Structure formats: structure tokens, C-alpha cells
Amino acid sequence: MLKIDDTNYFSFESIGEFSSDSEWIHPDRVLDSYELIFITKGEVFIREEDENYELYKNECILLESGKRHFGYKVSKNPTSFYWFHFKTDFKMPFKVYKDDEYYDVKYLLKKLLHMSKTPGYSSSAKDSAALLLFYELSQIAAATKASALANKIGEYIRIHADKGITVETAAKHFGYNADYISKLFKMNFGMGIKKYILSERIKKARDLLLNTELSIKEISAQMGFSDANHFIKFFMYHEEISPMKFRNRYFNTHMNNQ
């Protein structure tokens, strides 16, 4: 067992690789350790307490210590998976992982399996390798969560582009600071969040000009500008044409093409 600090510990228990070429169903049991199941072929149908989980290749589940789990449906295709038992008081990073960042996890599982079957590796070495695997799972789970948050921020900006949204108002809505969501957005989309907000505001302004009969004053108010002059200056600076000329140019083009 590795004692990480005064409160946390991590202990490797066992690891193996299961394979079946015939129909198979997971046994009914309760363990005193956590179990990671990582599917490498086929599908696994597993129930933990009152929740069903359906898992396929390159997906995994963390089953909790002290909870009953069993197969609720027969796997009819050839099935194989890694299983890994461990004990810890760390919080589990996820329940089910179904994303594409799994290569390092598969490598670490294979490495840990090799260590467990090879004489000469100490228990502390296996504990350390198992802890590294757990940390990798935590990292990919955090990255997945961050990516989901970035997508939610992008969607929020698109929906509220006509409400005078800023980086600060978006950060406040999601409960994070502005620097964090700015870095997160840049990392996931390769574009600064301010630039994205600007592009979405321009798109919204164009849409309102071309597809509504709202006056310039009404559009400026809807988009959160203090007055029409500020909206006109904003639009001219970025589009190099006044809102009215933009509307008339495309309105006339549309009419001439009828």
C-alpha cells in the first residue's frame, strides 16, 4: 500500500485479462475493492445496484467497493476485457468513460499486467504503477469534462450573442473565473473567447439586419448597445460598411434575383 499523504492511500490488488469466444455473462458478486473493467472486444452488460451499463470496445467502467454488480444480459459475441482491482480513498474520477483518449490507459493496463505476472517486481512497484494508471484515468476524465464545458460555453455564447455578452458574464454564468474559461476555450477551439464572442455578435447583427424588419435603433437595443450610434460604429469598424448600407445592399441583391 502506498500512503500518499496523511489522508490518502492507494493499493494494487490484482489485474487480469478475460476472454470468451462463446456466450458469457458477468458473475453476481460484491467486492471489497474497486474494479476497473476496460473492454477490448465485444460488449459487456453489467448492472451495479439498480443501474444498468452497456459497454463496448475501448469503453470502461469503475465499479465501486461494497456494491453488488452482475451481468443483466448475455454477451453473445466474442468478448475480452482487462479487469483491475485496487483499494483507495481517492474519489473516483468517473463512472463510465466513453471517449477516444484511451491509448495510454491500454498501455498502462498491459504494463501493469506484465508486472503482476513477472517475478521480481515488489509490491510497492506494482502499487506505484497502479497509481500511475489511476492518475491517467483522472487526467483523461478531467480533460473530457473540460472539453464538455468548453462546448457548453460556446453554445451559451451563440445563444446569447445578441445580449451584450462578455467573457466576464459567461464566466459568471458557469461559475468560473474569466482567465480559466479563456484558456479552456483557446485550448479546445484554437480561438480566443473574445474573438469568438465578437464573431458571433457580428453574425447576429447581420442576421437581424437581413432577416428582420427591426430598425437600427431596435437592433442596437436588442444587442445590448447603449444607443444606436455605438452599434453603428461597432458594425462599421468590423464590417467596413454601415448597417443601413449593408441591409440595403443585400436587400437589393435579393430583390434583383427574384
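Everything that follows concerns the structure shown earlier in this document.
In this text the structure is predicted, and so the values were computed from the model without any measurement.

1. Remarks on the overall build of the protein chain
Next up, step 1: The helix and strand inventory of the protein chain stands at 8 helices and 10 strands.
Next up, step 2: Its C-alpha atoms give the protein chain a radius of gyration of 27 Å, more than 25% over the compact-globule value 18 Å for 258 residues.
Next up, step 3: On the principal axes, the C-alpha backbone points of the protein chain span a range of 80 × 45 × 30 Å.
Next up, step 4: Considering the protein chain as a whole, with its 258 residues, one finds that 40% of them fall into the buried category.
Next up, step 5: Taking the intrachain contacts of the protein chain between residues at least 6 apart in sequence as the baseline, contacts between residues at least 24 apart amount to 70%.
Next up, step 6: Working note: accessible area of the protein chain is about 15,000 Å², and carbon and sulfur atoms make up 50% of it.
Next up, step 7: Considering the protein chain, the positive charge centre built from 36 side chains and the negative charge centre built from 35 side chains are found 6 Å apart.

2. Observations concerning the packing of helix H5 (residues 193–211) against helix H7 (residues 228–239)
Next up, step 1: With their axes 11 Å apart at the nearest point, H5 and H7 run at an angle of 110° to one another. Considered as vectors, H5 and H7 are oriented roughly perpendicular to each other. Listed contacts from H7 to Leu-198, Arg-201, Ile-202, Ala-205, Arg-206 and Leu-209 of H5 are Phe-231, Phe-234, Phe-235, His-238 and Glu-239.
Next up, step 2: Tallied by class, the residues present in the contact of H5 with H7 amount to 7 nonpolar, 1 polar and 3 charged.

3. Notes on the sheet that holds strand E10 (residues 96–97)
Two modes of strand pairing occur in sheets, parallel and antiparallel, and in both the strands are linked by backbone hydrogen bonds.
Next up, step 1: Strand order in this open sheet of 6 strands is E1-E2-E9-E4-E7-E10, and the pairing throughout is antiparallel. Each edge of the open sheet is held by one strand with a lone partner, namely strand E1 (2–3) and E10.
Next up, step 2: Sheet analysis places strand E2 (residues 9–20) next to strand E9 (residues 79–88), joined by 10 bridges and oriented antiparallel. Each residue of the ladder has a partner; that of Ile-15, found in E9, is Phe-84.
Next up, step 3: Together, E2, strand E4 (34–41) and E9 form the strand contacts of helix H1 (residues 103–117), whose direction differs from that of E2 by roughly 95°.

4. Focus: the packing of helix H3 (residues 167–174) against helix H4 (residues 178–189)
Next up, step 1: Relative orientation of the contacting elements H3 and H4 amounts to 100°, with a least axis distance of 8 Å. Classified by the angle between their axes, H3 and H4 sit roughly perpendicular to one another. Across the interface between the two elements, Val-167, Glu-168, Ala-170 and Ala-171 of H3 pack against Ala-178, Ile-181 and Ser-182 of H4.
Next up, step 2: Partitioning the contact of H3 with H4 into residue classes produces 5 nonpolar, 1 polar and 1 charged.

5. Concerning the sheet that holds strand E3 (residues 29–30)
Next up, step 1: Spatially, 4 strands are ordered E3-E8-E5-E6 in an open sheet, and the strand pairing comes out antiparallel. Because the sheet does not close on itself, it has two edges, and the strands there are E3 and strand E6 (51–56).
Next up, step 2: In this structure, strand E5 (residues 43–48) lies alongside strand E8 (residues 68–71), joined through 3 bridges in antiparallel fashion. Within E8, the position partnered with Glu-48 by the bridge is His-69.

6. A few points about H4
Next up, step 1: Helix length check: H4 (12 residues) gives 16 Å between terminal C-alpha atoms against 16 Å at 1.5 Å per residue, within 8%.
Next up, step 2: Within H4, burial applies to Ile-181, Leu-184 and Phe-185. Seen along its axis, H4 keeps its buried residues to an arc of 100°; they face one direction. Those residues of H4 that are exposed and angled more than 90 degrees off the buried face are Asp-179, Lys-183 and Met-187.
Next up, step 3: On its buried face, H4 is in contact with helix H2 (123–159), H3 and H5.

7. Digging into the side chain of Lys-126
Next up, step 1: In this structure, Lys-126 sits in helix H2.
Next up, step 2: Summary of buried charges: Lys-126 has no salt-bridge partner, and the nearest side chain of opposite charge, Asp-127, is 8.2 Å away.
Next up, step 3: With residues up to four places along the chain from it excluded, the contact list for Lys-126 reads Phe-12, Leu-112, Met-115, Ser-116 and Tyr-121.

8. Regarding the pairing of E8
Next up, step 1: Inspection of the sheet shows E3 paired to E8 by 2 bridges, in the antiparallel sense. If you follow Val-30 over to E8, its bridge partner there is Arg-68.

9. Looking at the pattern of salt bridges
Next up, step 1: According to the stated counting rule, one finds 10 salt bridges in the structure shown.
Next up, step 2: Residues Arg-29 and Glu-35 are paired through a salt bridge, measuring 3.4 Å at the closest nitrogen-oxygen approach.
Next up, step 3: Lys-98 is the salt-bridge partner of Glu-59, the closest N and O atoms lying 3.9 Å from each other. In this pair, Glu-59 sits in the loop between E6 and strand E7 (60–63) while Lys-98 sits in the loop between E10 and H1, placing the two residues 39 residues apart along the sequence.

About the thresholds
Residues numbered from 1 in each chain as written. Predicted model: local features only at pLDDT ≥ 70, side-chain atom pairs only at ≥ 80, totals over all residues. Heavy atoms only, no water. Helix = DSSP H or I, 4+ residues; strand = E, 2+ residues; numbered from the N terminus. Rg over C-alpha atoms; globule rule 2.2 N^0.38 Å. Buried < 20%, exposed > 50% of the residue type's maximum accessible area, 1.4 Å probe, protein only. Contact = heavy atoms within 4.5 Å. Areas by Shrake-Rupley, 256 points an atom, 1.4 Å probe, with all protein chains shown as cover. Lys, Arg positive; Asp, Glu negative; His and termini not counted. Charge placed at Lys NZ, Arg CZ, Asp CG, Glu CD. Axes fitted to C-alpha atoms, helices over the stretch in contact; angles between N-to-C directions. Parallel < 35°, antiparallel > 145°, perpendicular 65-115°, else oblique. Nonpolar A, V, L, I, M, F, W, Y, C, P; charged D, E, K, R; others polar. Pairing = 2+ DSSP bridges. Expected span 1.5 Å × (residues − 1). Arc of directions from axis to C-beta. Salt bridge = Lys/Arg side-chain N within 4 Å of Asp/Glu carboxyl O.

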